[in-house]
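Single-letter residue listing:
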Amino acid sequence: MHIAIIGAGITGLMSALELLEQGCSVTLFDQQAAGQAASWAGGGILSPMYPWRYPAAVNALARHAKPLYQDWNQKLQPFTGIDFQIHETGMLIFDESDFEIGLSYAKTHQEPQQQAKLLDQAKLQQINPKVDNSKFKQAIYFSELANIRNPRLLQSIIRYLKQHPRVTWHEDCKITRLNIQQGRANSISDEHGRLFQADQYVFTTGAWSQYWSQQLGLEIPVQPVQGQMLLFKTPENWLPTMCMNKVMYLIPRPDGHVLCGSSMRQVGFDTSPSSEIRQDILQACIEMVPELADFPLVKQWAGLRPSSPDGIPYIGKIPKLQNAWANFGHFRNGLCMGPASGKLLAQLILEQTPIVDPVPYDPVRLLESSHLML
Ligand SMILES: Cc1cc2nc3c(=O)[nH]c(=O)nc-3n(C[C@H](O)[C@H](O)[C@H](O)COP(=O)(O)OP(=O)(O)OC[C@H]3O[C@@H](n4cnc5c(N)ncnc54)[C@H](O)[C@@H]3O)c2cc1C
């Protein structure tokens, strides 16, 4: 079976990997170079930030992130020479208002990644001596949480897919039309009018997905939500854990880079970083780890999260079409939901037993919002 995948971010790339594993051939399209949009810009925390604030459907996909990425890292490394560094630092959360609910959530979710305990000041200092102990006297600690080096992850998958005999690439190729006849997609065309044909068509177009509303006769409520990020360089393994307070976080990489983020703004497709947001992020992160201010700020950037109304992505067959599929709307959690989203999509296309109950992700939900449009 030949599958066209439109959009080569983490969602499209993971979908491609899973479909190839099942013997399909794949053609990947991206309007720019592959892996340069939200999936590059993100932080790579392998869990929703406060799991109890998210629907069960988001956590159900995210819980597969660490083991699936570990498998892929092993599988791809011999071909790519790239280790995408699944860094098991654990996460400290300082929001006192969330302690009780976070701890009871951990009790009811018996899986290792969701296990949390309350740390007193002495224990907190022992686990992360860089935290300002005059301000933060306790924390909840998710010891099993990891982060992934997402730019390397993308590089690794792209390198693997570029040498794969059943993959064809079209980068800098913006797909503008899905050509439909009698309930079947029979081709897609790019902005220059070139036609491409496949058996199945998959839309993994992230924050740009609303573009398809008119052609599909559906109201696709996916909006770009800008997030900005700062990058510091500290000595190797300088910050021992991820830290989070009031939705701002620090993510240490093994080589001493520390990512700080992130903001949330609806400003269309604008990805220019601003000094005002830099100050907000700096203030929140330096409040947690004051010594960070002594190290160089090496980069600032912005990316566009593909928001969906409830944070639950649309994964499955597009209503009213026999051979077109959605895998978009992952909002703040596309890197952690990515591997299971790709697997679920491949299983649905190939009519296999799905990794999770597919109902909550079914794009049939789009019909409800579309009644409003008509
Ligand atoms: C600052 C920030 C921090 C984040 N931190 C985390 C985190 O710690 N953990 C986590 O799990 N998630 C995080 N996220 C969210 C995560 O990055 C996104 O949910 C995820 O990257 C979405 O992946 P995607 O493949 O759907 O979209 P994208 O990576 O945006 O890919 C979509 C691709 O489709 C292409 N495309 C669109 N339209 C067309 C077209 N018509 N023709 C051809 N190509 C097209 C685009 O060029 C793009 O390459 C963060 C996001 C941001 C911005």
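Because the structure is a prediction, the values reported are computed rather than measured.

Caption draft 1: Inspection of the packing of helix α1 (residues 10-21) against helix α7 (residues 150-162) at higher detail. Contact geometry of α1 with α7 gives a least axis separation of 11 Å together with a crossing angle of 40°. With respect to each other, α1 and α7 are oriented oblique. For the element pair α1 and α7, the recorded crossing hand is left-handed. Contacts between α1 and α7 involve Ile10, Leu13, Met14, Ala16, Leu17 and Leu20 from the first element and Leu153, Leu154, Ile157, Ile158, Tyr160 and Leu161 from the second. Residues of the contact of α1 with α7, tallied by class, amount to 12 nonpolar, no polar and no charged.

Caption draft 2: Spatial organisation of the UniProt feature "domain: FAD dependent oxidoreductase" (unreviewed entry) in the protein. UniProt feature "domain: FAD dependent oxidoreductase" (unreviewed entry): in the numbering of this structure it lies at residues 3-348. Summarising residues 3-348: 29% helix, 27% strand, and an end-to-end C-alpha distance of 13 Å.

Caption draft 3: Structural detail: the site of the ligand. Lining the immediate environment of the ligand, one finds 39 residues, of which Asp30, Ser39, Ile45, Phe331 and Cys336 sit closest. At 3.2 Å, a backbone N or O of Ile10 approaches an oxygen atom of the ligand. Here Arg332 contributes a backbone N or O atom positioned 2.9 Å from a nitrogen atom of the ligand. Taking 1,000 Å² as the accessible area of the ligand by itself, protein coverage stands at 98%. Counting only elements with at least two residues in the shell around the ligand, the list comes to α1, α2 (38-41), β13 (223-233), β17 (297-307) and α10 (334-349). A per-class count over the shell around the ligand returns 17 nonpolar, 18 polar and four charged. Counting the residues that make up the shell around the ligand, at least three belong to each of domain 1 (2-52 + 151-221 + 309-373) and domain 2 (91-144 + 223-307).

Caption draft 4: Spatial organisation of the environment of Leu154. Structurally, the position occupied by Leu154 is in helix α7. Linking Leu154 and Gly261, residues 107 residues apart in sequence, is a C-alpha distance of 20 Å. The residues contacting Leu154, other than those within four sequence positions of it, are Gly9, Ile10, Leu13, Gly35, Ser39 and Trp40.

Caption draft 5: Representation of empty space enclosed by the protein within the structure. All chains considered together, the criterion is met by one cavity of 30 Å³ or more. Size it by volume and the largest cavity reaches roughly 50 Å³. Along the walls of the largest cavity sit Leu46, Ser47, Pro48, Asn59, Ala62, Arg63, Glu111, Gln113, Gln114 and Leu145, which together make up its complete lining. Taken domain by domain, the lining of the largest cavity gets at least three of its residues from each of domain 1 (2-52 + 151-221 + 309-373) and domain 2 (91-144 + 223-307).

Caption draft 6: Layout of the packing of aromatic side chains. As enumerated under the stated definition, the model contains 13 aromatic pairs in all. Ring centres of Tyr211 and Trp212 lie 4.9 Å apart, and the angle between their planes is 90°; on these two criteria the pair is classed as edge-to-face. With relative accessibility at 42%, the residue Tyr211 sits in the partly exposed group. Looking at Lys75, its charged tip hangs above the ring of Trp72, at a distance of 4.9 Å from the centre. The side chain of Lys162 reaches across the aromatic face of Trp169, ending 4.9 Å from its centre.

Caption draft 7: Structural detail: the pattern of salt bridges. For the coordinates displayed, the defined rule picks out 10 salt bridges. Two residues, Asp98 and Arg53, come together in a salt bridge whose shortest N-O distance is 2.8 Å. Of this pair, Asp98 sits in the loop between β4 (91-93) and α5 (99-108) while Arg53 sits in the loop between α2 and α3 (56-62), and the two are 45 residues apart along the sequence. Under the relative-accessibility criterion, Asp98 is labelled buried at 7%. The partly exposed category is assigned to Arg53, whose relative accessible area is 42%. The shortest N-O distance in the salt bridge between Arg194 and Asp190 comes to 2.9 Å. Residue classification places Asp190 among the buried residues on the basis of a relative accessible area of 3%.

Reading the values: the criteria
Residues numbered from 1 in each chain as written. Predicted model: local features only at pLDDT ≥ 70, side-chain atom pairs only at ≥ 80, totals over all residues. Heavy atoms only, no water. Axes fitted to C-alpha atoms, helices over the stretch in contact; angles between N-to-C directions. Helix = DSSP H or I, 4+ residues; strand = E, 2+ residues; numbered from the N terminus. Parallel < 35°, antiparallel > 145°, perpendicular 65-115°, else oblique. Left-handed = near helix turned anticlockwise from the far one by under 90°. Contact = heavy atoms within 4.5 Å. Nonpolar A, V, L, I, M, F, W, Y, C, P; charged D, E, K, R; others polar. UniProt positions renumbered as here; feature names shortened; annotations may be inferred. Near = heavy atom within 4 Å. Polar contact = N/O pair within 3.5 Å; in protein donor to acceptor, adjacent residues only side chain to side chain. Areas by Shrake-Rupley, 256 points an atom, 1.4 Å probe, with all protein chains shown as cover. Domains from an automatic or database assignment. 1 Å grid on protein atoms, 1.4 Å probe; cavity = no way out; pocket = protein on both sides within 12 Å on 5 of 7 lines; lining within 4 Å. Points joined across faces, edges and corners; volume = space filled by probe spheres on them. Phe/Tyr/Trp six-rings, centres within 6.5 Å; stacked < 30°, edge-to-face > 60°. Buried < 20%, exposed > 50% of the residue type's maximum accessible area, 1.4 Å probe, protein only. Lys NZ or Arg CZ within 6 Å of the ring centre and 35° of its normal. Salt bridge = Lys/Arg side-chain N within 4 Å of Asp/Glu carboxyl O.

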